[in-house]
Amino acid sequence: MPTMLGLFDEFVEPAKKLGLELVKAKTTQVLSEAELIELLPHYDGWIIGDDPATRRVFEAGKNGALKAAVKWGIGVDNVDFVACEELGIPITNTPNMFGGEVADVAISLLLALTRQTHFIDREIRNNFSWPKPAGMSIEGKTIGIVGFGDIGQSVAKRLTGFDVNVIAYDPGVEGNKGYQFVQRANFPDRLEQVDALIFTCSLNKKNHHMLSSATIEKMKTGAMVINVARGPLIDENALVEALQNEKLYAAGLDVFEIEPLPKKSPLREMPQCVFGSHNGSNAVEGVRRATYKAIEHLSGFLHDA
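One structure accompanies this document, and this report is about it.

Conventions used here
- Residues numbered from 1 in each chain as written.
- Predicted model: local features only at pLDDT ≥ 70, side-chain atom pairs only at ≥ 80, totals over all residues.
- Heavy atoms only, no water.
- Helix = DSSP H or I, 4+ residues; strand = E, 2+ residues; numbered from the N terminus.
- Rg over C-alpha atoms; globule rule 2.2 N^0.38 Å.
- Buried < 20%, exposed > 50% of the residue type's maximum accessible area, 1.4 Å probe, protein only.
- Contact = heavy atoms within 4.5 Å.
- Areas by Shrake-Rupley, 256 points an atom, 1.4 Å probe, with all protein chains shown as cover.
- Lys, Arg positive; Asp, Glu negative; His and termini not counted.
- Charge placed at Lys NZ, Arg CZ, Asp CG, Glu CD.
- Core = buried A, V, L, I, M, F, W, Y, C linked by side-chain atoms within 4.5 Å.
- Patch = residues over 30% accessible without salt bridge, like charges linked within 9 Å, V, L, I, M, F, W, Y side chains within 5 Å.
- Salt bridge = Lys/Arg side-chain N within 4 Å of Asp/Glu carboxyl O.
- Pairing = 2+ DSSP bridges.
- Axes fitted to C-alpha atoms, helices over the stretch in contact; angles between N-to-C directions.
- Right-handed = clockwise from strand over helix to strand, strands pointing away.

**What to know about the overall build of the protein**
In step 1: Assigned secondary structure in the protein consists of 11 helices and 10 strands.
In step 2: In terms of overall dimensions, the protein is globule-like: its C-alpha atoms have a radius of gyration of 21 Å, near the 19 Å expected for 305 residues.
In step 3: Looking at the protein as a whole, 47% of its 305 residues are labelled buried.
In step 4: A fraction of 60% describes how many contacts in the protein between residues 6 or more apart in sequence connect residues 24 or more apart.
In step 5: In the form shown here, the protein has an accessible surface area of approximately 15300 Å², with 51% of it arising from carbon and sulfur atoms.
In step 6: One finds the centroid of the 31 positive side-chain charges in the protein at a distance of 3 Å from the centroid of its 39 negative side-chain charges.

**Concerning the nonpolar core**
In step 1: Grouped together as the largest cluster of nonpolar side chains are 48 residues, with contacts concentrated most on Trp 72, Leu 110, Ile 143, Val 155, Leu 159, Val 166 and Val 182.
In step 2: No other element matches the eight residues that helix α6 (residues 99-115) contributes to this core.
In step 3: Counting 32 residues, the second-largest nonpolar core is a separate cluster that includes Val 146, Met 210, Ala 223 and Leu 261.

**Some words on a nonpolar patch on the surface**
In step 1: A cluster of nonpolar side chains, contributed by Val 23, Leu 39 and Tyr 43, occupies part of the molecular surface with about 240 Å² of accessible area.
In step 2: Structurally, Val 23 is set in the loop between α2 (8-17) and α3 (33-39).
In step 3: Here Val 23 falls in the partly exposed class, since its relative accessible area comes to 48%.

**Side note on the sheet that holds strand β1 (residues 45-48)**
As a general point, the strands of a sheet are linked pairwise by backbone hydrogen bonds and lie either parallel or antiparallel.
In step 1: In space, the three strands of this open sheet follow the order β1-β2-β3, with parallel pairing throughout. This sheet does not close on itself; its edge strands, each paired only once, are β1 and β3 (91-93). Taking each pair of neighbouring strands and ignoring which way they run, the sheet shows an average axis angle of 15°.
In step 2: Of the strand pairs in this sheet, β1 and strand β2 (residues 68-71) are connected by four bridges, and their pairing is parallel. By the bridge assignment, Gly 45 is partnered in β2 with Ala 68.
In step 3: Contacts from helix α11 (residues 284-304) reach β1, β2 and β3 within the one sheet, and its direction differs from that of β2 by about 160°.

**So, the pairing of strand β4 (residues 142-146)**
In step 1: Counting buried positions over the five residues of β4 gives five, a clear majority of the element.
In step 2: Pairing analysis gives five bridges linking β4 to strand β5 (residues 165-169), with the strands arranged parallel. Looking at the pairing, Thr 142 lines up with Asn 165 of β5.
In step 3: On the question of chirality, the crossover connecting β4 to the parallel β5 by way of helix α8 (residues 150-159) is right-handed.
In step 4: Sheet analysis places β4 next to strand β7 (residues 196-199), joined by four bridges and oriented parallel. Residue pairing for β7: Ile 143 is matched across the bridge by Ala 196.

In structure tokens:
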């Protein structure tokens, strides 16, 4: 996990105290399936980032030394948990570690889009101009939150002081969790009321491309889309078309269908948008929490083996 690797040296000694010797992966983003198949048989445990943790990879590891794995973070769409169960490889993830940190990024994107702070910065730096674009107030707006777990609730918490209305979408979570300004709905109901739609949910087979041409058509003209969850939740072709024909006003995206964002992506030509590098969880405090928890889980698995 690149965010963990950036603080790698800090975790070496705590891991030793738990009986583990950490080995730093030689990568800046993810290892390929072929690389993992070659490497994993030589290791007893694996802390998984966004790497392709497929059946073939786990089978190769099982045929070697691999005894256990932990998925760093909450997202598990890249991990074949069924294969682990069938192969007898204990595995878990580390949920509820950095909901606040990812929510901070969601709010920062919302503020950037509504007040065009990113555009102003670019113009001052690159064109030596002094722009005065008219922004919009967040007060009184309706914010849709897709996914009302740790991250989604953290977004709602941060919206408490903005005097907004929130519609939360999540079939797996009941109630408004004590936030009186939060109403519940089933996606895509009431999308026509939403001024900004924020994706904070996990990715699964049922919600792939849940924001599509059809669901975008239900949205209010001039609405904004923010994604701090997983890129494939949004059909990027449909999003590009909606931005081009001004059905949608702007998008704030920390994640994409293909990462890094391809050089030829039409999104790069849209100055009204703000982009991230799938970096929402990368705050020192959150990385520490998730990594220590991953090390603890892995130590427990290996010492119970």
